[in-house]
Each structure stands twice: as C-alpha cells, then as structure tokens.
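Residues per chain are reported as follows:
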Amino acid sequence: MGRPHIEPYVETQVPFRRMTLPGFGKGMHYKVLSMDSDTGACSLVVKFESGYSLPPGMSYTEMELYVAEGSLQFGDKTFETGHYLWLPAGVSMPAMSAPNGARCLMFYNHGEPSFVESDADHPRAERHKLVSVNALEDIVWGPANVSPSVAPGCFVKVLKFDPLTHGFTFLYCMTASFWQDNISYHDCMEEGYHIWGTSWMMQFGYLPTGGYFWRPPWINHGAFQSTYGCIAIGRTDSQLHNYFHFNPWTTPEENQERAAAQLYRQKRNLYEWIRAQDGHNHPHDFEHPHYHEEVRHPDHD
Amino acid sequence: MAKLIEYEKSAEAEKWISDEGAEQEERYNKIVKEMDDLSEERDVWVEKFFGRIQTRGFNVHYDNRRQIPDEELPKRPDRPFKVVF
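Predicted model, so just to flag it, every value in this text is computed and none were measured.

### What about the overall build of chain B?
Then step 1. For chain B, the count of helices and strands is two helices and two strands.
Then step 2. Here the C-alpha radius of gyration of chain B, 22 Å, is well above what a compact globule of 85 residues would show, namely 12 Å.
Then step 3. When the backbone C-alpha atoms are referred to their principal axes, chain B occupies close to 60 × 35 × 20 Å.
Then step 4. Burial analysis of chain B (85 residues in total) assigns 35% to the buried set.
Then step 5. Pairs at least 24 apart in sequence give 32% of the contacts found in chain B among residues at least 6 apart.
Then step 6. As displayed, chain B has an accessible area near 5,500 Å², and 48% of this comes from carbon and sulfur atoms.
Then step 7. Charged side chains in chain B number 16 positive and 21 negative. The centres of these two groups are separated by 7 Å.

### What to know about the environment of threonine 198 of chain A
All names here are of chain A.
Then step 1. You can see threonine 198 is positioned in the loop between strand S20 (190–197) and strand S21 (199–201).
Then step 2. Threonine 198 sits in the partly exposed class, given a relative accessible area of 33%.
Then step 3. Each C-alpha atom, one on threonine 198 and one on cysteine 104, is 19 Å from the other, the two residues being 94 residues apart in sequence.
Then step 4. Ignoring anything within four residues of it in the chain, the contact list for threonine 198 reads Tyr206, Leu207, Pro208, Thr209, Ser226, Gly229 and Cys230.

### Concerning the sheet that holds strand S25 (residues 230–236) of chain A
Residues and elements named next belong to chain A.
Then step 1. Taking strand neighbours across the sheet as the criterion, the seven strands line up as S1-S23-S20-S25-S17-S16-S15 in an open arrangement whose pairing is antiparallel. This sheet does not close on itself; its edge strands, each paired only once, are strand S1 (6–10) and strand S15 (142–143).
Then step 2. Pairing of S15 with strand S16 (residues 154–161), which is carried by two bridges, proceeds in the antiparallel orientation. Considered in S16, the bridge of proline 143 is made with phenylalanine 155.

### Quick notes on the pairing of strand S1 (residues 58–61) of chain B
Residue and element names in this part refer to chain B.
Then step 1. Examined bridge by bridge, S1 and strand S2 (residues 64–66) share three bridges and lie antiparallel to one another. In the sheet register, asparagine 59 faces S2, and the bridge partner there is arginine 65.
Then step 2. Once S1 ends, the chain turns through two residues before running back antiparallel as S2, passing tyrosine 62 with a positive phi of about 50 degrees.

### Here's the deal with unusual backbone geometry
Residue and element names in this part refer to chain A.
Then step 1. A cis amide bond, omega -5 degrees, links serine 147 with the succeeding residue proline 148.
Then step 2. With respect to the helices, strands and loops of the structure, proline 148 is situated in the loop between S15 and S16.
Then step 3. In this structure, alanine 223 follows glycine 222 across a cis peptide bond, with omega equal to 10 degrees.
Then step 4. Tracing the backbone shows alanine 223 in the loop between strand S23 (211–215) and strand S24 (224–226).
Then step 5. Positive phi, normally seen in glycine, also occurs at histidine 166, with a value near 65 degrees.
Then step 6. Position of histidine 166 relative to the elements: it lies in the loop between S16 and strand S17 (168–174).

### Brief notes about the layout of surface pockets
All names here are of chain A.
Then step 1. Its volume calculated, the largest pocket comes out at about 1,400 Å³.
Then step 2. Counting residues per element, the ones that place at least two in the lining of the largest pocket are helix H1 (252–266), helix H2 (268–274) and helix H3 (291–294).
Then step 3. Ranked by the residues each element gives to the lining of the largest pocket, the list is headed by H1, at five residues.
Then step 4. Per-class residue counts for the lining of the largest pocket are 15 nonpolar, 15 polar and three charged.

### Looking at the sheet that holds strand S14 (residues 131–134) of chain A
Residue and element names in this part refer to chain A.
Then step 1. Read across the open sheet, the seven strands follow the order S2-S3-S4-S12-S7-S10-S14; overall the sheet is antiparallel. The open sheet has two edge strands, strand S2 (17–18) and S14, and neither has a second partner.
Then step 2. In this sheet, strand S12 (residues 102–108) lies alongside strand S4 (residues 42–48) in antiparallel orientation, the contact comprising seven bridges. Within S12, the position partnered with serine 43 by the bridge is phenylalanine 107.

What counts as what
Residues numbered from 1 in each chain as written. Chains lettered and ligands numbered in written order. Predicted model: local features only at pLDDT ≥ 70, side-chain atom pairs only at ≥ 80, totals over all residues. Heavy atoms only, no water. Helix = DSSP H or I, 4+ residues; strand = E, 2+ residues; numbered from the N terminus. Rg over C-alpha atoms; globule rule 2.2 N^0.38 Å. Buried < 20%, exposed > 50% of the residue type's maximum accessible area, 1.4 Å probe, protein only. Contact = heavy atoms within 4.5 Å. Areas by Shrake-Rupley, 256 points an atom, 1.4 Å probe, with all protein chains shown as cover. Lys, Arg positive; Asp, Glu negative; His and termini not counted. Charge placed at Lys NZ, Arg CZ, Asp CG, Glu CD. Pairing = 2+ DSSP bridges. 1 Å grid on protein atoms, 1.4 Å probe; cavity = no way out; pocket = protein on both sides within 12 Å on 5 of 7 lines; lining within 4 Å. Points joined across faces, edges and corners; volume = space filled by probe spheres on them. Nonpolar A, V, L, I, M, F, W, Y, C, P; charged D, E, K, R; others polar.

Dropping the structure here:
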C-alpha cells in the first residue's frame, strides 16, 4: 500500500529500538518515521552508540543520511553535525564509526535498511552520483525558487536534486515571525522533519523539534506560521509546485481535478497532447529513452 | 540508474517489515484520532484565517497578497472535515 499519510508525528517521546536487521551489528538504534509496507523503504531516526563501528560496505537501496547531532567517521573523513550524504545503491563506503556517538536521519528509498560488507562497489553502482556535503557550513540559504512562491522568510538549501524528476532533498527554515496565509497542496509527495524549532499549520497544529510528516500528493496544508523560527529537512519525489488556495475543506480528489485544470490553462498544448483521445500517449524522451525504468516514485510504484 | 540493486529479502527483513508495518498502522490510527480531537480548535483557526485573508490578504505569490471579498469565501460542505487521508 505504499506509505500512509503520517502527519503530524512527533518522535521525541517514543523510545529507540535496537536495530536487528542483518549486517548492522550492535549499537545502532532506530525509530521508524514512516515506511512503505510493501518494500520496506523507510525514513528513520537513528542513534549510534559511542564506539559503534561497521566494516566497509554498501546498501542495496540508495540511502540518504543527515547527521543531526554528533559526528561519524568514514575512513579518514569526518561527517560533522549537518553533514548530508546521498549514497547511490551499491556504492561501497569505507569503514564507519561513531567514536562519540551520533544521532542521524536515514532514508532508505527503495527497500528496507540493508548493509552488505564489501570494500568494492557493486557492478551496477553509480559512484559518480554520490553527494557528500556539510549542509550547515558549505551551502548558503537561498529563497525557495518556485512560482508561485512561499512567503518571504522561508529559505532553502538544496542538498540533492534529481534532474529527471526534479525531486529534491533540502533544508528549509522559517525565520521568526513567519506567516503564510494560504493553503497549499502539491502533485508530489512531501516529507519533512523538524531538526529544531516549531512551526504551525492550520490542519495539524504545532510541529515541534522532532516533528515529522510524510504527506502523499494533493493533501491540504497551511496556513503556516512560526513564532521563533525552525529548521527542517525536506524531500519530494518530483517537482514541487505550490497549488495555493483558501478553501480548507477541499478533498484530495477535488485538489487533483483543480491541478489538472491549472495544467490545461497553463500548459495547454502539452495537456491536449497528453490527453490523447485514442489511448494513452507514451512520450519518448530523446535524452532519457529508458526513463520509465529509471524513475521510481516511492508513492506510485 | 540503479536506485535499487535486486536482491532476495531475508526472512528477518520480511518479519521486520511486517512488524514495523503493524506498528505504523497503529501510529496512523492514533494520528487520525488526535487530528479528530483537534477539530474544534481547528474550526477557530479557520475562522481566524478567513479574517486574515480578508484584511491582511491571501498570499498569492511571495509577498503578493490579495484581500478576499466576502462573496469569495468558501461555504463549509456538509461532510466531515478530514485532514488526514
């Protein structure tokens, strides 16, 4: 059934559980934020005990890691607080350790958490796509570069951008006294975790530090407010478009219809072509002829 | 692009997914209840929202705002107000 709508969920009062899946050894503890119960793909808060270590190895699924607290050692490299890693499936990482412990967010995008000891990449691994950056120190905050845009006072750091789907992983912050008086929905899934601070949404109330959501497409959220500001990590599975309105009572089905009507108005030629009367179109992309195989949406596959 | 390298799921993995899936279902039901319990407060928030978009304005794009006239305000439909789907 994919992932259900988990919103809001505050993990801070929930105890960690010992990781028992094969390969991870002792000293790793986790909380599931959301999970696809068909594939095991999941978003986790993870605590590594002081002294935890793993040999060199890889994951069968692509994985994203954000160090929320403490630091991790990968070979001779130290990932300090704020470090973001996007690890393509099958890419071998050097031996890992957490000398003083760490608290991380880990996103296993297409299967359950897996770790296979290996000091070489899998033949299908795409190492050139690996992203490793300290998001707090090495990327600057910029305005959310979408139209229509969120209100002034919401800033973004893009950590990973998929050129095929325009899905992205990002840090976002709301500055103190942020207000946005509209209701939004998207045609993509959106996920967020509050690293620090509290925000408010008209549907769900207050989301504090440790607050989380996994929101399927078409679901209303907003108006938005933050008194003292917040910083969060967010993800989408395709391009994030803001469909703004002010009717709090619309259903996902009505929102979907309205989005299609907007597509008709704003990209009419494309809409007419896609809406083939004689059956489904099968658009060919001369740049990416195999994109149907390459693009896997967690919520749609 | 290999986002997932095909492999055979272990019995431990199958059990883990099944156990966590059952817990997630409980978590989802708890969220639905908590959001139902918030209904009265949410109705007040909606009224205040309508007040703000009629005075300060509705955020159309970034700092562009539009004041919404009375006749454009939506009427509450005769169905439960769900926020979790």
